[in-house]
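Below are the chains, spelled out letter by letter.
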Amino acid sequence: MTSASTNDIEFRSVAKRYGSVTAVSDINLAVPKGAFVALLGPSGCGKTTCLRMIGGFEQPSEGMVYIGGQPMNGVPAYRRPVNMVFQQYALFPHLDVEQNVAYGLKQMRPRIAAAEIARRAQEALDMVRLGGFSKRRIHEMSGGQQQRVALARAIVNKPKVLLLDEPLAALDKKLRTAMQIELQSLQRELGITFVLVTHDQEEALSMSDLVSVMNTGRIVQVGPPQEIYDRPASLFVADFVGKTNRIAATIEPGANSVRLANGVGLAKPARANGTAGAAMVALRPESISLVRDSTATLQGTVTHRIFLGSSVEYSVEVDGLGDFLVTADRRSIDESDLAEPGERIGLRFDSNAMHVFPA
Amino acid sequence: MRAAMNTKRNLVTAALVAPAAAWLFVFLVLPFVAMLVFAFGERAPEGGYQAAFTFAQFANLPTRATAFWNTLLLAPAGALLCLVVAYPTAYHLAVKANPRYRLILVSLVVVPFWTSLLVRTYAWMYILGSRGIPNLLAMVGIEDVRLLNTPGAVLLGIVYGYLPLMIMPIYVSLEKLDRRLLEASADLGAKPVSTFFGVTLPLSLPGVMTGVALVTILLLGEYLIPQLLGGGKVFFIGNALVDLFLQSRNWPFGSAIAVTLVAVVVVVLMVAMRIAWRVAGTRQVDLV
């Protein structure tokens, strides 16, 4: 375990129960200072509960939560050095933009001079490029602008940690992508720890430098985005993060091979540590190549083709294994490059690209 | 085609509005016009109204100054007292009470309306009268306590009778208050008291203004409570009007008082709306 002082946030064996219902349990997580961490998982996995325990809106039933090395159990939200960007923003409708941003500054004790409050609020608004909007009322702002106000309001107090609860969920796709980039550069500029809760794996992978994948109230894998994607720790992670093909298989006793359900035997990947017996193989669509070669490992028939511009997605009915998803980059503009629905085709892949999990 | 549709829509609108409009015209507009006419007339020798055009009735208003004074003092005072009692109640119901029992508790607020205000005010007459609390106090040696027929008794009756009308609008505005705003306030470092004065109270002001305006306006025309609990001593305009119309049959003077009261109510209402708009920052304040 790393020492608490280099971690901005630490969960130690945390559980949260509501009556007989366990929301999260066995949560151990260390977030280094200045990291951008994403809590990723399907709805109901407990990621928001974890965020709310950092914010102080929930208290753990078991275990300890530390912020900046200080135990936080029993400390109310208004005494914590963290600020939150709420889902749907929770901006104060009776205050204008500047008053919303200044709200946190006005709570500071000893009191800050009014001129200083105005200066800092303006600075925060400039930072989210809303400099000229200070006197607007909240309902006069668009969704994207409200998002920025919420961001300015949360960073104006210079928190140790910024919490973001699905901050981009209400924005349209284009705005979302723009905000993703903006959040990343804001985090670098401020140098503070960001904790992002999201159910969108693309968002988690693209923005954060540490992803904690959660399922049914537990953390199932923690690691950098690339590691999560390339070396999923379980079938759930492989399925939830990115697209994946699942293939029933058996690990041969003694022999160093994996036999797929249709009888094809393949070399066991070096890092697969499964013991002999039933197994599940996960295979990324982009690690498969379609080849016009009847000697390829697997053979099938193309059933659908979805043209995506830079790449093409195929559905292939593989002999004895069912539907496969295959993503092919376009290597040339030659039309004959594309496989046609109905065409017999071979599938080739490196057996080391397989992720083998016990069934 | 479009014109025909518009005509049809206008007809439907007219049909929907007609009953209420007719009702208001017959029972509000016509009587008010009659009162305006009466107010500038003279009392007939045998009582009632005699055509004339004179300001004599308005010149006579100072003779009922006490009734005006009592009404204009005790109506807002009663409304504010109601507010002081109602706000914590509404706050508890909307914010603190277990949601499972909330509906039951809220309906308990309305239960008193199942019995007529007259009956309930009579009950207070007995409780405050010489055979009620003063009698109990005399038993423990505290003699000659006078409760009935005092301004205090009237205020008590007012708070008792109008409390639900104050609780409900405040409850509604607190109930629809977004809880995440309270969390956001705490997140930004506001202690619970600061959150109350910075977020909860301002956002419930429309409900407060509605309640205060509603109760004040109703109290300006109050007759029953001062009659029963104030005796002849605490006299409201409503009581003066009953006297003038039914006892001394001085319709023109009664009309002049009534018209003046309506004018006062309109001014009070407009001032209250201005304040509510200013404080709430929007024009979405429903007063009545």
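Residues numbered from 1 in each chain as written. Chains lettered and ligands numbered in written order. Predicted model: local features only at pLDDT ≥ 70, side-chain atom pairs only at ≥ 80, totals over all residues.

The subject of this paragraph is the overall build of chain A. From N to C terminus, chain A includes 8 helices and 20 strands. Across the 359 residues of chain A, 38% fall into the buried class. Long-range pairs, those at least 24 residues apart, make up 65% of the contacts in chain A with a sequence separation of at least 6. (Helix = DSSP H or I, 4+ residues; strand = E, 2+ residues; numbered from the N terminus. Buried ≥ 20, exposed ≤ 12 C-beta atoms within 10 Å, placed from the backbone. Contact = placed C-beta atoms within 7 Å.)

What follows concerns the UniProt feature "domain: ABC transporter" (unreviewed entry) in chain A. Cross-referencing UniProt, the feature "domain: ABC transporter" (unreviewed entry) maps to residues 9-241 of chain A in the present numbering. Summarising residues 9-241 of chain A: 36% helix, 27% strand, and an end-to-end C-alpha distance of 24 Å. (UniProt positions renumbered as here; feature names shortened; annotations may be inferred.)

Taking the numbering used here, the UniProt-annotated feature "domain: ABC transmembrane type-1" (unreviewed entry) corresponds to residues 68-272 of chain B. What you have in residues 68-272 of chain B is 79% helix and 0% strand, and the ends, taken at the C-alpha atoms, are 19 Å apart.

This paragraph deals with the sheet that holds strand 8 (residues 193-198) of chain A. Residues and elements named next belong to chain A. Ordered by their spatial adjacency, 6 strands build an open sheet running 6-7-8-3-9-10, and the pairing between neighbours is mixed. Bordering the open sheet on either side are strand 6 (82-85) and strand 10 (218-223), each of which pairs with just one other strand. Neighbouring strand axes in the sheet, compared pairwise and without regard to direction, differ in orientation by 20° on average. Of the strands in this sheet, strand 3 (36-40), strand 6, strand 7 (161-165), strand 8 and strand 9 (210-215) touch helix 1 (residues 47-55), which is tilted by about 145° from strand 7. (Pairing = 2+ DSSP bridges. Axes fitted to C-alpha atoms, helices over the stretch in contact; angles between N-to-C directions.)

The next thing to look at is helix 3 (residues 114-127) of chain A. Residue and element names in this part refer to chain A. Relative to the 20 Å expected for 14 residues at 1.5 Å per residue, helix 3 spans 20 Å between its end C-alpha atoms, a close match to the ideal helical length. Turning to helix 3, its buried residues number three or more, namely I117, A121, A124 and L125. When helix 3 is viewed along its axis, its buried side chains cluster within an angular range of 100° and face the same direction. Opposite the packed face of helix 3, turned more than 90 degrees from it, sit the exposed residues A115, E116 and D126. At the C-terminal side of helix 3, R129 shows a positive phi close to 60°. (Expected span 1.5 Å × (residues − 1). Arc of directions from axis to C-beta.)

This brings us to the packing of helix 2 (residues 97-106) of chain A against helix 3 of chain A. Residue and element names in this part refer to chain A. Contact geometry of helix 2 with helix 3 gives a least axis separation of 9 Å together with a crossing angle of 125°. One way to sum up the angle between helix 2 and helix 3 is to call them oblique. Crossing of helix 2 over helix 3 shows right-handed handedness. Along its contact with helix 2, which presents E98, V101, A102, L105 and K106, the element helix 3 presents I117, R120, A121, A124 and L125. Of the residues contributing to the contact of helix 2 with helix 3, the split by class is 7 nonpolar, no polar and 3 charged. (Parallel < 35°, antiparallel > 145°, perpendicular 65-115°, else oblique. Left-handed = near helix turned anticlockwise from the far one by under 90°. Nonpolar A, V, L, I, M, F, W, Y, C, P; charged D, E, K, R; others polar.)

Before going further, it helps to examine the environment of P60(A). All names here are of chain A. Relative to the elements of secondary structure, P60 occurs in the loop between helix 1 and strand 4 (62-67). As for P60 and C50, which are separated by 10 residues in sequence, their C-alpha atoms are 8.9 Å apart. Contact partners of P60, with chain neighbours within four places excluded, come to V14, A15, K16, M53, V65 and N73.

I54(A), V101(A), A152(A), V161(A), L163(A), V195(A) and V281(A) are the most contacted members of the largest nonpolar core, which has 103 residues in total. Element by element, the count of residues in this core is highest for helix 4 (residues 143-155) of chain A, at 6 residues. Each of domain 1 (4-235) and domain 2 (243-351) of chain A gives at least three residues to this core. In terms of nonpolar packing, the next biggest core, distinct from the first, is built from 50 residues, C82(B), A153(B), V234(B) and L261(B) among them. (Core = buried A, V, L, I, M, F, W, Y, C linked by C-beta atoms within 7 Å. Domains from an automatic or database assignment.)

All names here are of chain A. With burial as the criterion, only one face of strand 11 (residues 245-251) is covered, namely that bearing N245, I247, A249 and I251; the residues R246, A248 and T250 on the opposite face remain uncovered. Sheet analysis places strand 11 next to strand 14 (residues 277-283), joined by 7 bridges and oriented antiparallel. Each bridged residue has a counterpart across the sheet, and for A249 the counterpart in strand 14 is A279. Pairing between strand 11 and strand 12 (residues 257-260): 3 bridges, direction antiparallel. Its bridge partner lying in strand 12, A249 is registered against L260.

Another point: the interface of chain A and chain B. Counting residues at the interface gives 16 residues for chain A, matched by 17 residues for chain B. Sorting the residues of the side of chain A that touches chain B by element identifies strand 6 and helix 2 of chain A as the ones contributing at least two each. A per-class count over the side of chain A that touches chain B returns 10 nonpolar, 6 polar and no charged.

Attention shifts here to the environment of A44(B). Residues and elements named next belong to chain B. Residue position: A44 is located in the loop between strand 1 (42-43) and strand 2 (49-50). The spatial distance from the C-alpha of A44 to the C-alpha of L11 is 46 Å, given a sequence separation of 33 residues. Not counting chain neighbours up to four residues away, the residues in contact with A44 comprise Y49 and Q50.

This next bit is on unusual backbone geometry. Residues and elements named next belong to chain A. The step from R109 to P110 runs through a cis peptide bond, and the omega angle for that step is 0°. Unlike most non-glycine residues, A90 shows phi in positive territory, near 50°. Here A90 shows up in the loop between strand 6 and helix 2. Judged by the 22 C-beta atoms lying within 10 Å of it, A90 falls in the buried class. In this model, K158 sits at a positive phi of 50°, which is unusual for a non-glycine residue.

So, about the UniProt feature "transmembrane region" (unreviewed entry) in chain B. Residues and elements named next belong to chain B. The sites that UniProt annotates as "transmembrane region" (unreviewed entry) are residues 67-91, 103-127, 153-174, 195-219 and 253-277. Here residues 103-127 is 76% helix and 0% strand, with 31 Å between the C-alpha atoms at its ends. Spanning residues 195-219, this segment combines 100% helix with 0% strand, and its end C-alpha atoms are found 33 Å apart.

Looking now at the environment of F53(B). For F53(B), the position within the fold is in the loop between strand 2 and helix 2 (56-59). With 219 residues separating them along the chain, F53(B) and A272(B) place their C-alpha atoms 34 Å apart.

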